[in-house]
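# Working through the structure, step by step
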Amino acid sequence: MNLSPWEILVLLILALLIFGPDKLPELARGAGRMISRFKAEASGALDELKLAAEFEELKEVAAELRSTQEELKRSAGLVDATASGAVASASAAVAESAADPPPFDPEAT
């Protein structure tokens, strides 16, 4: 609303003529209370919307973390299987070398 100072003055004079000098302060107080109540309600609704948006965002982050955790578990399972195969082949190599005596160098002693 683009009201010039002259338009506001005309509206105030009209309000004074319509409602009278006795009722005008009472109406202004009521209007002020109504505006402050409206602001408080709007602020509360805005806070609730922000909280709901943050909650939704946190739910999305939690879902992403769960999927990442599942991927890590799957890849860790593959690494464990590969590592257990490597350990088995290493233990087989150690067992073979244990069957043969180590080389002996008489000049080393």
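This one's a predicted model, so the numbers in the text were calculated from it and none came from an experiment. (Residues numbered from 1 in each chain as written. Predicted model: local features only at pLDDT ≥ 70, side-chain atom pairs only at ≥ 80, totals over all residues. Heavy atoms only, no water.)

### Considering the overall build of the protein
Spelled out, the test is: Each helix is a run of DSSP H or I of at least 4 residues and each strand a run of E of at least 2, with the numbering of both proceeding from the N terminus. Three exposure classes are used, based on accessible area relative to the maximum for each residue type with a 1.4 Å probe and protein chains only: buried under 20%, partly exposed in between, and exposed over 50%. What sets the accessible areas is the Shrake-Rupley method with a 1.4 Å probe; for residues, cover comes only from the shown protein chains.
Secondary structure summary: the protein contains one helix and zero strands in total. A buried classification covers 2% of the 109 residues belonging to the protein. A total of about 9,900 Å² of accessible surface is found on the protein, and carbon and sulfur atoms cover 67% of it.

### Overview of the pattern of salt bridges
In a structure, side chains of opposite charge can pair up when their charged atoms sit close to one another. Threshold: Definition used for salt bridges: Asp or Glu carboxyl oxygen within 4 Å of a side-chain nitrogen of Lys or Arg.
Within the structure shown, the criterion is met by one salt bridge. A salt bridge links Lys59 to Glu56; its shortest N-O distance comes to 3.9 Å. In this pair, Lys59 and Glu56 both sit in helix α1 (residues 5–99), three residues apart, roughly one turn of the helix. Judged by its relative accessible area of 44%, Lys59 is partly exposed.

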